[in-house]
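The primary structure of each chain is shown beneath.
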Amino acid sequence: MNSNVRALHKLRMWISERSGVGGWQVNLETQQVTWTEETRKIHGVGPDFVPSVEEAINFYPEEARGTVTSAIEEALQTGSPWEFELPFNRACGTQIWVRAKGEAIFEDGVPRQLMGTFQDITHIVRRREELEQAQKAAQTAKERLWRAIEALPEAFVLYDTDDKVALFNTRYRALYAHSARAIKTGATFESILRYGLDNRQYPEAFGREEEWLEERLERHRNPVGQITQELPGDKHLQIHEVILPSGDTVGFRVDVTQLTRQQRELAEKAVALEEAAVTDPLTELGNRRALDMHVRSLRHTSVATDTFGLLHLDLDRFKPINDVFGHAAGDFILRQVAETLRRSVKHNDFIARVGGDEFVVVLGAPCNEEDASRVAQRIIKTCQQPLEWEGKPLLYGASVGISIGPASQLPAMINDADIALYEAKNSGRNRHFVFNADLRRRVEDKKRLSDDLFRAIEQKEIVGFYQPQFRASDHAFCGMEALARWEHPEDGTLSPGVFLPIADEVGLLSQIDKLVFEHAVETGMALAEQGTMCPKMAVNIDLKQLVQSKSEIWLPRKEDLPFSLAIEILETLDVDRDLELVSWAIDDLRERGLLIEVDDFGSGHASLTSLLKIKPDRVKLDLGLVHASRIDPQGAGKMVKSICNMCLDLGIKVTAEGIETELDADAMTDLGCDTLQGYMFSKPLSRSDLLVWSRTANISEAAPTPLLKRA
Ligand code: C2E
Ligand code: MG
Ligand code: MG
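Going along each chain's sequence as written, the residues are numbered from 1 onward. Starting at A for chains and at 1 for ligands, labels are handed out in the order in which the entities are written. Reporting in this predicted model follows two pLDDT cut-offs: at least 70 for local features of residues, and 80 or more for side-chain atom pairs to be given and counted; totals over whole chains, interfaces and linings ignore these cut-offs and use all residues. Note that water and hydrogens are dropped before the side-chain values are worked out from all heavy atoms of the structure.

(A) Representation of the site of ligand 1 in the model. Throughout, near means a residue has at least one heavy atom within 4 Å of the molecule or strand. Residues in close proximity to ligand 1 total 22 residues, the closest being Ala484, Asp513, Asp599, Glu660 and Tyr679. Arginine 485 is positioned with one of its side-chain polar atoms (N or O) 2.9 Å from an oxygen atom of ligand 1. Any pair of N or O atoms that falls within 3.5 Å is considered a polar contact. Within protein, one atom must be able to donate a hydrogen and the other to accept it, and sequence-neighbouring residues count only if both atoms are side-chain atoms. In the model, an oxygen atom of ligand 1 is placed 2.8 Å from a nitrogen or oxygen of the tyrosine 679 main chain. Here, Shrake-Rupley sampling with a 1.4 Å probe gives the accessible areas, and only protein chains in the shown set may cover a residue. Contact with the protein chains covers 83% of the free accessible surface of ligand 1, which is 800 Å². Using only the protein atoms, space was sampled on a 1 Å grid; points where a 1.4 Å probe fits but cannot get out form cavities, open sets with protein on both sides within 12 Å along at least five of seven lines form pockets, and lining residues are those with an atom within 4 Å of a point. Think of it this way: a molecule belongs to a cavity or pocket when more than half its atoms come within 2 Å of the grid points there. Structurally, ligand 1 is housed in the largest pocket. In DSSP terms, a helix is any run of H or I states spanning at least four residues, a strand is any run of E spanning at least two, and both are numbered starting from the N terminus. Mapped onto the shell around ligand 1, the elements with two or more residues apiece are strand 19 (477–488), helix 16 (496–505), helix 17 (509–530), strand 21 (536–542) and strand 23 (595–601). Residue contributions to the shell around ligand 1 peak at four residues, all from strand 19. Ten residues, namely Ala, Val, Leu, Ile, Met, Phe, Trp, Tyr, Cys and Pro, are considered nonpolar, four, namely Asp, Glu, Lys and Arg, are considered charged, and the remaining ones, Gly among them, are considered polar. Considering only residue class, the shell around ligand 1 consists of nine nonpolar, four polar and nine charged.

In structure tokens, the structure reads:
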């Protein structure tokens, strides 16, 4: 072998080894099989192994041999080459895959030999199998993903980095029915939006399409949080978009139509409730809460120089209308007044109904006293016009209290207007009154006095003074009346006229009555201990107190005391109206063995009907009537006479108060009074003066002379 042939042989070996392709040949004449080195390596046999054709074929597994033999036969007959990939058993038993190519070589039309290549392709087949498996797995995963996306309760869409649709589910397309034709893989987001805009897919874009498109694209490119979107047919979506690390954009759409509608209904209900909470249903004006809110908002929004007017209006004669004509008539009046108020004020003024027949108007700034008074007069004038109800005139009226001030003072102004209203009512109704410095001073004085009174009650500065009473027939001492006095540490002894009205106003009257009562009982006991016979001790209690404050709690039973106890009642209640309560209170007094005396009869306080209803033991003629009899014996005198006669008929005894002269005493005795009380006998005395007086005066005998000292 020359060197050239050797080099060529070496090259062939190298190629064969590196490519893994071996060669083989069969001499058809001799049936000799020749294998190259590489072919032997693939078969796993040594250089000495020389197989027969059959042995060579037997390296293939049985099921593959047929393929090989048929290919050889075909090649011998037709000359067509073969190539197949088949499993193969190496000599050592391991199974591999081989690619075998071959063909018959003809000479003069006769097949002389078979020749081919042989290659171990196990690694290729394995890789191919792996690839197939991977592809199958990928397909399965894809299908699974599809099914998952389809099964999502939400609409899903995926845009690639070019903002083109890559994936979407049926729900997504169904949701955007007007844009459905544009939604397809590969379509850009913008093209879908534009198609939607042309087909009225987005109601919120109507009339501002380009602007809306810009905003939507911006949110899509830089998604932050979620977007709500309205679709035709009152449909509502919530859009969640996220840009993935890959640059793709994932979008979910949640149908929140139901939720949005529920929220809207709830919000509407909340507004309605809120309105109802601040609206008076009868007049549709604001209520007290609305007034508070209005005041609060004015305090926040107005400047210090703004002055507001506050009108507090209360209807006159409203209650009787309600009582006589019924609630429907009352409601009718309230609605009419509301209408009057609406017509009397400016558009931005505020009106509220703050109580049964009470209204408050806040007149917006700037407003001064004259402006507010003008509005009040207009309202009062309108309210003086009778209204017709079922063919009958309803006569009512209005009183108005006014206060003027800045928004910061509005809460206090409500109170001030209320005080001014009280003043307006007291000065004759159908009037208005503007709260002023003088009224404030009076209110403050009253406040000081009532504070002082609280302290006085605690310190027991309220005591009884005692005015003796005498039998008319012989002027014998027959009892006394306890009258309240305030032993003021600075102002000296104060009369009830100074402090009782305020005590009544601030609810202290009952405590005062109790103090005087206790003082009187102690005084009666002190007289008894001193050996002075006091047949009767009378205290003053007004009927209202008796009924309301359950005085029975502190009124003792008569049998505990060595003298009679009488209660002088001043009528401050409508006996007819509150008959049940009054009867109950009077019966309670009687049960305790207390005598009942009606005070100030003839003054206008006490009525004849009350005499019949209460059936007192005694009436006390008002001193005004007694004094009037002096100068008008024919008028007042006759009246006293008839009262006395009537009382006589009813078995009621009569005391005359205010007896200042002997003429008074004689006249009242002649007219039929059996008991006399007045300065002629004695002024009201302090307890110590009374004890001295009772010791010095010979009161056990009916002797008027020693008692004629004028205190
Ligand atoms: P009243 O019960 O009718 O008492 C008679 C008033 O006439 C007393 O006035 C008495 O001082 C006065 N008076 C007596 N004699 C004469 C007289 O000859 N001439 C004149 N001009 N006046 C005479 P006072 O003490 O100022 O009491 C006024 C009213 O205050 C009482 O009228 C009574 O309604 C009420 N009051 C007094 N003390 C109490 C009390 O403890 N409780 C209650 N609820 N009311 C009382
Ligand atoms: Mg009295
Ligand atoms: Mg009296």
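From this point on, the discussion continues.
(B) How the structure looks around the coordination of the magnesium ion (ligand 2). Around the magnesium ion (ligand 2), the donor atoms from the protein are Glu481 (OE), Asn540 (OD1), Glu568 (OE) and Asp599 (OD), and they sit 2.0 to 2.2 Å away. Any N, O or S atom lying within 2.8 Å of the metal counts as a donor, and for Na, K and Ca the limit rises to 3.2 Å; water is left out, so some sites can look incomplete. Between consecutive donor residues of the magnesium ion (ligand 2), the sequence gaps follow E-x58-N-x27-E-x30-D.

(C) Broad picture of helix 11 (residues 318–325). Classification of residues uses two cut-offs on accessible area relative to the type maximum, computed with a 1.4 Å probe and protein chains only: under 20% is buried, over 50% is exposed, and between them is partly exposed. What helix 11 keeps buried is the set Phe318, Ile321 and Asn322. What you see down the axis of helix 11 is that its buried residues fit within an arc of 100°, all on one side. Opposite its buried face, helix 11 presents the exposed residues Asp323 and Val324, each directed more than 90 degrees away. Every residue pair with non-hydrogen atoms within 4.5 Å of one another is taken to be in contact. The inward-facing, buried residues of helix 11 abut strand 11 (307–316), helix 12 (327–344) and strand 15 (392–394). Two residues or fewer after helix 11 comes glycine 326, characterised by a positive phi angle close to 95°. As used here, the arc belongs to the directions running from the helix axis to the C-beta atoms.

(D) View of unusual backbone geometry. Of note, the amide linkage connecting alanine 365 to proline 366 takes the cis form, showing an omega dihedral of -5°. Mapping proline 366 onto the fold places it in the loop between strand 13 (358–363) and helix 13 (369–384).

(E) Fine view of the pattern of salt bridges. We count a salt bridge whenever a side-chain nitrogen from Lys or Arg sits within 4 Å of a carboxyl oxygen from Asp or Glu. Using the criterion set out here, one finds 44 salt bridges in the structure. With a shortest N-O distance of 3.2 Å, glutamate 518 and lysine 514 are connected by a salt bridge. Pair noted here: glutamate 518 and lysine 514 are both in helix 17, with a separation of four residues, about one helical turn. A residue is classified by how much of its surface remains accessible, and glutamate 518, at 28% relative accessible area, is partly exposed. One salt bridge in this structure joins glutamate 597 and lysine 536, with 2.7 Å as the shortest N-O distance. With glutamate 597 in strand 23 and lysine 536 in strand 21, this residue pair connects regions lying 61 residues apart in the sequence. What makes glutamate 597 buried here is its relative accessible area of 2%. Look at lysine 536 and you get buried, because its relative accessible area is 9%.

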